[in-house]
Structure formats: C-alpha cells, structure tokens
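Residues per chain, in single letters:
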Amino acid sequence: MAVLVVANFALPALHLILWSAIGLTSVAAILTGVHLNRPRRRAPWFLLAGAVASFITGDLIADVLTRVLDRRGFPSVADGFYLAVYLLIAAALVGLIRIGVARRDPNGLYDAVTVTAGLGLLSYIFLIRPYVEDPALSVLDKSISIAYPLADILVLAVGARLITAVRRGPALLLLAAGGIGLLTADVGYGLKQLNGVWDTGGPVDLGWVAFYVLWGVAALHPSMRELTEPKVHREGEEHFGRLLLLGLSLFIAPCVLYFEMRGGEVHDATVIAVSSALLSGMVLLRLARAINVQRRAAQRERRLRRAGAALLMATDEPGVTATARTAIAELLPLGRPHRVVLAPLGGATDRAVSMPYTRRLAPALAEELGDFEVTLCCPLAPVEGRESGRALYIAADEVTLVGVQEAAQILATQAALALERIALGEEIGRRNSEAYFRTLVLNTADVILIVGDHDQIRYASPSARALFGSDELDGTPLPMAFAKESLVEVDRRLHDLRTRGVDRPGDDLRVVGADGRPALVEATFRDLRGEPTVGGVVVTLRDVTERSRLQAELYQRATFDALTGLPNREVFLARVQEAVSSGAESGATVGVLIVEVDDFKVVNDTLGHSAGDALLVAVGNRLTEALRAVDGSYGAAGTVARLGGDEFAALVRRAGSAADVERVAEKVLASFAAPFELPHGEVTATASIGVSTTAEAADAQDLLRHADLAVYVAKDAGKDRWRRYESSLHSAVVERHKLRADLDRAVADGAFLLHFQPIVAIGDGRTHGFEALVRWNHPTRGMVSPAEFISVAEESGLIVPLGAWVLRNAVEAAAQWRLLHPGEDVYVSVNVSARQFRGQIKGHEQGFARWVLQEIDRMGLPPASLLLEMTESLLLHDDGDVTAELAALREAGVRIAIDDFGTGFSSLSYLRRLPVDVLKLDKSFIDTIASSAEQHAVVDMIVQLAAILQLQIVAEGIETAAERDLLVTMGCHLGQGYLFSRPLSYGDASQWLLEEASGLQRGSRTAA
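Residues numbered from 1 in each chain as written. Predicted model: local features only at pLDDT ≥ 70, side-chain atom pairs only at ≥ 80, totals over all residues. Heavy atoms only, no water.

1. Focus on the overall build of the protein
Per the secondary structure count, the protein includes 32 helices and 24 strands. Burial statistics for the protein: of 1008 residues in total, 46% are counted as buried. Residue pairs in contact within the protein that sit at least 24 positions apart in sequence constitute 67% of those at least 6 positions apart. As displayed, the protein offers around 49300 Å² of accessible surface, 57% of which is attributable to carbon and sulfur atoms. (Helix = DSSP H or I, 4+ residues; strand = E, 2+ residues; numbered from the N terminus. Buried < 20%, exposed > 50% of the residue type's maximum accessible area, 1.4 Å probe, protein only. Contact = heavy atoms within 4.5 Å. Areas by Shrake-Rupley, 256 points an atom, 1.4 Å probe, with all protein chains shown as cover.)

As structure tokens, this is what we get:
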C-alpha cells in the first residue's frame, strides 16, 4: 500500500488505476485481517470493508465520468456510493459499540453528542450554509451537497462514542486516525469545492490515503480482536483532556454568536439556539447521570453491607454460596437471568478479575453456569498471604456483567473473608475435637482395644479395668479376653474383617467381668490397619448386661400379664393367628375359649381387691392345668392368656373337630367345681365360657369376636355354663341392640304399663301391700317380658329413667289407694337398681334418697308405705354413697328389703350390719319345699334367723296350698304368688282392695 501511495503521487497519469488499487488493497487487508485474527464478531469488520469498497467504487465512477467520458461529475451515481460509505461506517461503529462495550457509560454518549454538536455548528456555518444559500444549485444539488457534511457529523458522533466507550488499543487508535483522515479530507474537499479550486493529487488526498491505509492496518493488527472481546473495565477518574475538549465544545456556540454580532448581523441565530439548547441538555443529562450514579452506588453499598452481615452468619461453604447468590440477585436488574457458582479456580485462569468465555471453563463448571456466552470470574482475595484457590463465577449477558463487576469483586472479597473465618473455625474445632476425643477415649465407659496382626492386643483404654478387672491386656490374644462360648464368634469376626473387609455382627459376646460374673458386651470391629496413626483392628466393647436385662424385663411386661404371668391379648392374638395358618395347611380345627369369672366383682367388694387378685392368679393356674390335662386327648393344648379384668382365653390347637373343642370347654368348666384355696380362705367361683372354632371363623380376629359373643350369651343364659358360637348368636346380638333402641324410645315416650301383685298374709289372705311390676307392650313384639328388657336397661343405663317412672307411678297409685281406703294400711314395694343410686334422675341434680322423699311427700304418701327392694350385691357393695343414701331413707321411715334373698354370694352374718327391714325369700327355695327335706330345713332356718334378727320375711312364688301351709307352720307370715293372685292392672288392684274392704269373695284376676 505504501508503494501504491508513492506511485499514485509520482505518476498522476496513472491516478485512476493506482487509486483504485489502493482502495482494493485496503479492502483485501480488512478481509485478510478478519480471516487471520478471527474476531468474536465479524459483521462490523465486513461493514468497514464494504464502506471502503463503496468509497473506491464512487471514486472510480467519478474519475471515469470526469476524466474518461468528460461528463459532469456532480451530482452522479458516484454520490450514491459516497453517501453509502458513511452509512456503512456508522453501522459498523455502532456494531463495535454494541458488541465490544466494556461498560455501560452514558457519559461517553453525552460527551460524543456534545463534541459533535459543537463541530456540527461549525460545519453548518462553513460547509452547509453556502450550499443552502447558493441560488445556482438545484434542489438535488443542494440536498446532496448538504448530505456530505451531515454524514460527516454522523460518523463523527458514532466515532466519538466508540472512542469513549471502548478500551484504547492499537486497532482502535488506527481506526480513529483513519476516520479523522476521512473527515479531514471531506472538509478540505468541501472547502475547495466552494472556492472552485479542487484538483486531484493535492494534500486533501492524503486524508483519504490515511483512511485507506490505516483501516487496512487496523484490521491486520492482532489488537483488532480485542475490540469485540469481553473485557473488565477499570473505573478511572475523568481526564483533563476530555474535560478541556468538552469545555471548548460548549464555547463554540457563544463564540460564533459573538463574532456574528461583531460583524453587524447574526445570520445563524436559529442554528446557534438549537446547538446551545442541545449542549445545555447534554450538561443537564450528565449532571442527572452523576446523581443517579451516586444513588445507585449508595444502594449497592447497602446491599453489600447486608450481604456482608449475612456472610458473618454463614457456617459453611453452601451458606456462603447461597448468600452470594442472594446478593447478586439484588444487585442485578430485576428478573435478569443469571447463574452464580462458587467453585475452584482453574489452573489456567488468570488470578485477576476476568470475563472468560463460559465454554472455555472446566466442563462441569460450564454446565453448571448454563448457556451464557461469557462469565465474570472474580477470584477470592488471598487472606493473610494464603491463596483461597476459589473464585466467584457469575454468568449473564455481557452488559449486565459489566454493570455488576465492581460489586462482584467486593462480594468476592467478603466471601473470601467468610470462608477463611469458617476454615479457621473448623480448624479450631478440629483441634478442640482432637483434645475432646482424646479425653473421651481416656474416660469413656466403652472399652477400646487395638489388635495387631497376630490378633494380640496392643492397646487397651483405661476403661478396660472396669470390664475385665485389669487394663494390662497388652500381648493377650483377643479371643482369650472373652468367655469360652464367644471364642468361635470372635475368631470368625476377625477372619471376616481381615479377609473380606467387613464385620458381620452376631449375638452379643460374653466376657468374664471384674467380679468373676459373666457380662454381655456389644462389640464393633473396624479395620484401620491402613491408618498410620492406628495400624491395626480397632475393637470397641460396650457393656450391655444391664440393657439386656432391662430389654428382657420390658419384653416380659409388654407381652405378659404382670399379675398372672400369662401372655396378654397381643401375644394370644398372634399365636391364634399362627395356629389358624398352620391349621389351614393341615386341615386341623383350631378353637378359642373365652373364660369370664362369674360375679367376680362380688369377691372384690366383699373380700377386697387383694383377694380378687389372688383369685385371678388361681384361675389362671387352674386353666393352665385344665388345658394341660386334656392335651393330646382332644387336640394340642395351646396358650392360656389373660385378656383383661376377669377375662381369660385359651387356645386349642389341631383339634380333630369342633366337637373336640366343645369337650375341652366342658373339662375347663368342670375344673371350676372345686373351690379355690386363697390366703383369705376358700372361695367358690363359677365361669361362663364362650367357644369358637375355625369352622365358623377365618382368622384370629373372627375367632375372638365370635367367642366374645358366645360368652355373652352364656352369661345371659344364667352363667356357669358354656356356649359355642353359632351364626344365630350374631342375629341375637343384633336383635338385642334393636331391642335397646326400641327401649330408648319407649322410655322417652313413657310407653310402659305398671302391674301390681298383692302381698298378703299367708294365714288369712288379707292384703298388706303390692309389688309394682313394670310391663312393656311393644308395638310389634307385643307384651315383652321384664326378663328380656330389664337386663338391657341395666346395661344401657336406661334403668335410671325407667326406674324413676316406675317409682313415681307406684307412689301415685299407693297414694290413691290410701285416699280410697283410709282404713287400709297398704304399702307398695318397688324394685330399685344399683344404677339408680349412682345415676342422677333426669331433671333432679340431688341424690336418690332426697328425690324419693320429695316424690312421696308430693303425693302425700307416708314413708312407711314405701318398700324399696334391692339385691344383695348392691347392699354388700362397700360404697359410702349408697350406705349414706340408705341411711337417709330409713331415717325418714322408708323400709328396705333384700330381693331374692339366698341366691347371692354373701354370708348370712352380713345381715347383722345391713340396713334392711325385710327379706324376700326367692321362689327357687319355695318350689321344692314340699318335696325336699333339705330345702324345707334351709327355708325353716332362714325364717328362724329372720325372726331372731327381727326382720320381716316375705315368701315369693307360692303356687300351692301345701307350700302355703308349710310356710305358716314355719312362722312365715307374708307371701305372694299365683296361689293368691297374678299381677293385676291398676284398675283390677283397686277392685281387689274394694272387694276386700266390702267382705266380698274375690275372684281370680290377672293382668290384662
């Protein structure tokens, strides 16, 4: 190119050829530089090559038109190529600014506009206005003439922005020098054209030569690649030269105005005003930018302080990384995609802050950073001269990274300090831990042994003395430190550890303790032969003797009943299920017996809870003996368990049939015939047994549920018997539940009847009172017997409102009879349940005695006209509340009777202290009084005992004259039964009294 330039000026005749060669050589140089240097982005350089090519094309066309064809060269097609040059240059420079910008610096744009505005004003005055005011030029001529200076101003503005925005380098300086040459040549050409003295080969051509040559050299220089490479910008102070240039630009408009005013006329007032306004605006924007920068710096400072405070709280590297990510997210524009990673610094990476391509980083790191083109790498600062070897990587778009690089460097420094603090803390902790563990080893209760290659103990911790009686175990073979039964296991574990590298623990090992007693130890074997500080097998022994004992005790408590020692419900259920599964395979029948002790509560109430506990233990032993006695006869005897309270269970395995299970139930029931010898004396007890077999059940749960139903039926049938589950039992239970629901509605509706059975003097038949008997006329069942629904009422608690209804109506009936027959002293007898004493009558919160007294007082009935009947179990129950209630009733004059006397569990000696007035002799004693001498003697004894105790006696169920006569001879005065009358309705009972008062013969009347 240098040769072509010299030849061009030396040989003017060859100007057309040589000038074109210079331009084409420049294009070739630019393309060659792009190929050789391979910049990050090639498009801006291709645009520069196109601009040079367009310029030389315009020159070639202009020269051909003027020199060869001798035609007018302006305006022509060449002008189109010339103007395209400026557009291509502007586009190329903008591309360089967009791609290679190292920082977002609006100040550079403001400064470029300021300089351009000042120079543009001069360009208008000296280059543009002459064309505008020349009358000889056409509109096209003027437009094209004006376009050239405007294009120069455009290139000047973009070039100034590039120079202020991109880091200085040889390529940039060459481009700037070439651009200045182009603009200088254009200005010189314009001035010469205005003066009409233009000619090729003059000094103006040097500017274009510089344009061609310097841009070609800029493309060939390796620094051209740096224009588009991502780089880190270092903040610096404003240069004096830059500020001076801006100041001179601001004074251009005032100076032009001043000189025009001195000339007598201001020609360019409008242009000067516009230029001044633009310059003032740039100044204001620069001030606003400075304020905004200050505000953002303050915000960044606050965010970095928050990050620093958070880093102080971080306790590990993940915490530091999380804090750094949060801080970077706050520093970046909202919603801007990015990735932050704290990772080791690559060996080839510069230790300074850099902006490498993401793809050139380590593969794993590049994958974690994502698809971003560039990454900001901020190595963590060394602390006290120690390199951290780590860096903070931030991946985002390039412009975003430029804006955050300074804050990222500060954050990286803070992260380095935090990691150093954490490392120091860990080091201190490690050293403390070493001392701590040394203390632990010397003082721990666990025994630590180090075993050498020949299985000899090389070291024993001081705690070995407590376990072995001595800590001088050095040289002792490890197996010899254990009891004989553990020698084989120790040898096996040592062999497995040395050959396979694994320890397979078995059962706890045994050693001979310091006091000669065996001890259980939990052993752990670890192969640390590869550790220089150990160099052997480490055996850790923990004494678990006490723990094993406690575990066995806890297992015993969890699976066996503490009182009887029998298995509990869970164990029994598991064994039943096991037997069912085995029976399903062999075809054997499995049976379950549920055994409940009858009237067990009476034993507790009369003899005390200690006697009750003793009876339960005896029952458990009796059941175990009974099953052992039948073992092999009807099937293999299984488990006896206590399910809770007075409920036991027995399992019969592998019975031949359901009948064999029934025979076992008979044998078990028969075993209760003999009395139980207790520390408190002999006690006779019976049992109710429910039986179920796999003939009706598929699993253990069904067996227990069916046996529960069966024992319920056995109790309901009169106790001291067994019942086997049948499908009809389930229906009976469902029917009983339905009966309970109907009873609930009947109690709410008061749907009952009250009948009265006369209590008469046996000798003369005169009426002394009536026993009130409740009847239930069910809407679909008809008349329901009390035997069916009274027990249901007792179970459900409905007996309380039902009993209140009976007593209230009975008292009202007795009061009516006293009004109708004033001379008759007739009383009414009402049965009372134990629940009525403990339950509150609806609508009355006071006690039972107070409520009864209020009822008889309300009806005007004397207390002596009311007799309350109750069972022995209620009277014998040691309940202070019941005793107090009975005392209050008797003190008021109400009489108390024991119903069904002789059928309970009590001793006759209790009659001395019971608060009763009347004994009602049960019908079971009267039925055989005429046919059994023994029964006759028992009844006679009871009558005589009642007389001695001054108790009135009433015989129940008298049905024959013979029974009546025998009772008369014994001294029993009162009785009731079908011999005298069946239960009567209220109307018939009233008629009964009326006939007796009138002396009429009473007919046989029964309840409707």
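Text resumes after the structure shown.
2. What to know about a nonpolar patch on the surface
A cluster of nonpolar side chains, L250, F251, V283, L284 and L287, forms an exposed patch at the surface whose accessible area comes to about 480 Å². Of all the secondary-structure elements, those providing two or more residues to the nonpolar patch are α9 (240–262) and α10 (269–313). Here the nonpolar patch takes three residues from α10, the largest share from any one element. Along the chain, the position of L287 falls in helix α10. (Patch = residues over 30% accessible without salt bridge, like charges linked within 9 Å, V, L, I, M, F, W, Y side chains within 5 Å. Salt bridge = Lys/Arg side-chain N within 4 Å of Asp/Glu carboxyl O.)

3. So, the nonpolar core
Counting 74 residues, the largest nonpolar core has F752, L868 and L967 as its most contacted members. Of all the elements, helix α24 (residues 799–820) adds the most residues to this core, at 12 residues. For L868, the residues in contact, after removing those within four places along its chain, are L807, V830, V832, F848, L889, V894, R895, I896 and A897. Formed by 38 residues, the second largest nonpolar core is a distinct cluster that contains W45, V85, L93 and W215. (Core = buried A, V, L, I, M, F, W, Y, C linked by side-chain atoms within 4.5 Å.)

4. Considerations on the packing of aromatic side chains
Per the counting criterion, the structure on display carries 12 aromatic pairs. The interplanar angle of 35° and the centroid separation of 6.3 Å between the aromatic rings of F848 and W851 together place this pair among those described as tilted. Residue F848 and its partner W851 are located together in helix α26 (residues 848–859), separated by three residues, close to a single helical turn. Per residue, the accessibility class of F848 equals that of W851, and both read buried. Counting every residue linked through ring pairs, the aromatic cluster contains F752, W776, F789 and W805. The ring of Y357 carries R359 above its face, with NZ or CZ at 4.6 Å from the centroid. Its guanidinium or amino end placed over the ring of Y978, R982 lies 3.9 Å from that ring's centre, counting from NZ or CZ. (Phe/Tyr/Trp six-rings, centres within 6.5 Å; stacked < 30°, edge-to-face > 60°. Lys NZ or Arg CZ within 6 Å of the ring centre and 35° of its normal.)

5. Observations regarding the pattern of salt bridges
Evaluation of the coordinates by the stated rule reveals 32 salt bridges. Its salt-bridge partner being K715, residue E596 comes within 3.9 Å of it at the nearest N-O pair. Of this pair, E596 sits in strand β9 (residues 589–597) while K715 sits in helix α21 (residues 700–716); the two residues are 119 residues apart in sequence, bridging distant segments of the chain. Of the residues examined, E596 reaches a relative accessible area of 16% and is grouped as buried. Take K715: its relative accessible area is 24%, and that puts it in the partly exposed class. With its nearest N and O atoms 3.1 Å apart, the salt bridge here joins K920 to E771. Of this pair, K920 sits in strand β22 (residues 918–921) while E771 sits in strand β17 (residues 767–778); the two residues are 149 residues apart in sequence, bridging distant segments of the chain. Assessed through its relative accessible area of 6%, E771 is described here as buried. Three or more residues are tied together by salt bridges with common partners; here these are E771, E869, K920 and E956.

6. What about helix α2 (residues 15–37)?
Helix length check: α2, at 23 residues, gives a terminal C-alpha distance of 32 Å against a target of 33 Å (1.5 Å per residue), a fit within 8%. A positive phi of about 50° marks R38, the residue just after α2. (Expected span 1.5 Å × (residues − 1).)

7. What to know about the pairing of strand β11 (residues 647–655)
Of all the nine residues making up β11, eight are buried; the element is thus mostly covered by neighbouring parts of the structure. Note that β9 and β11 share seven bridges and pair antiparallel. Counted as the bridge partner of I594 is A649 from β11. (Pairing = 2+ DSSP bridges.)

8. Quick look at the side chain of K920
According to the relative accessible area criterion, K920 is buried, its value standing at 1%. Discounting chain neighbours no more than four positions away, the residues touching K920 are E771, E869, A897, I898, D899, D900, F901, V954, E956 and Q976.

9. Focus on the sheet that holds strand β4 (residues 447–451)
Across the sheet, which stays open at both edges, the five strands sit in the order β5-β4-β8-β7-β6 with antiparallel pairing between neighbours. Here the strands that pair on one side only, and so sit at the sheet edges, are β5 (457–460) and β6 (509–512). Strand after strand, the sheet turns through a mean of 35° between neighbouring axes, direction not considered. Pairing of strand β7 (residues 518–528) with strand β8 (residues 536–543) involves eight bridges; the strand directions are antiparallel. Counterpart to L528 in the pairing with β8 is G536. Along the sheet, helix α15 (residues 487–500) makes contact with β4, β6, β7 and β8, crossing β7 at roughly 10°. (Axes fitted to C-alpha atoms, helices over the stretch in contact; angles between N-to-C directions.)

10. Topic: the sheet that holds strand β2 (residues 374–379)
Strand order in the open sheet formed by three strands is β1-β3-β2, and the pairing between neighbours is antiparallel. Whereas interior strands pair on both sides, the edge strands pair on one side only; in this sheet they are β1 (339–344) and β2. For this sheet, the mean inter-axis angle between neighbouring strands, taken without regard to orientation, is 25°. Summarising the sheet, β1 and strand β3 (residues 390–396) pair through six bridges and their orientation is antiparallel. Paired with A343 across the bridge in β3 is A391. The strands touched by helix α11 (residues 317–331) within the sheet are β1 and β3, with β1 carrying the most contacts at an inclination of about 145°.

11. Details of the environment of S486
Mapped onto the fold, S486 is located in the loop between α14 (464–468) and α15. With 23 residues separating them in the primary sequence, S486 and L509 have C-alpha atoms 5.7 Å apart. With sequence-adjacent residues up to four places away left out, S486 is seen in contact with L509 and R510.

12. Topic: the pairing of β6
Because side chains alternate across β6, one face comprises the buried residues L509 and V511, and the other comprises R510 and V512, none of which is buried. As defined by bridge partners, β6 adjoins β7 across four bridges and the pair is classed as antiparallel. Within β7, the residue paired with V511 across the bridge is A519.

13. Examining the state of the cysteines
By the definition in use, this model includes zero disulfides. C377 provides the cysteine sulfur closest to C378, a residue in no disulfide bond, and the two sulfurs are 6.8 Å apart. (Disulfide = S-S within 2.5 Å.)

14. Examining the confidence of the model for the protein
Considering every residue of the protein, the mean pLDDT works out to 80; 81% of them sit at 70 or more. With pLDDT under 50 throughout, residues 100–104 is counted as low confidence; its partners more than four residues away or in other chains account for 18 contacts. With pLDDT under 50 throughout, residues 1004–1008 is counted as low confidence; its partners more than four residues away or in other chains account for 16 contacts. (pLDDT = per-residue confidence, 0-100.)

15. Observations concerning the packing of helix α1 (residues 2–10) against α2
Running from amino to carboxyl end, α1 crosses α2 at an angle of 160°, the nearest separation of the two axes being 9 Å. As the angle between them shows, α1 and α2 are arranged roughly antiparallel. α2 is crossed by α1, and the crossing has left-handed handedness. Between α1 and α2, the residues in contact are L4, V5, A7 and N8 and H15, L18, W19, A21, I22 and T25, respectively. Its residues placed into classes, the contact of α1 with α2 shows seven nonpolar, three polar and no charged. (Parallel < 35°, antiparallel > 145°, perpendicular 65-115°, else oblique. Left-handed = near helix turned anticlockwise from the far one by under 90°. Nonpolar A, V, L, I, M, F, W, Y, C, P; charged D, E, K, R; others polar.)

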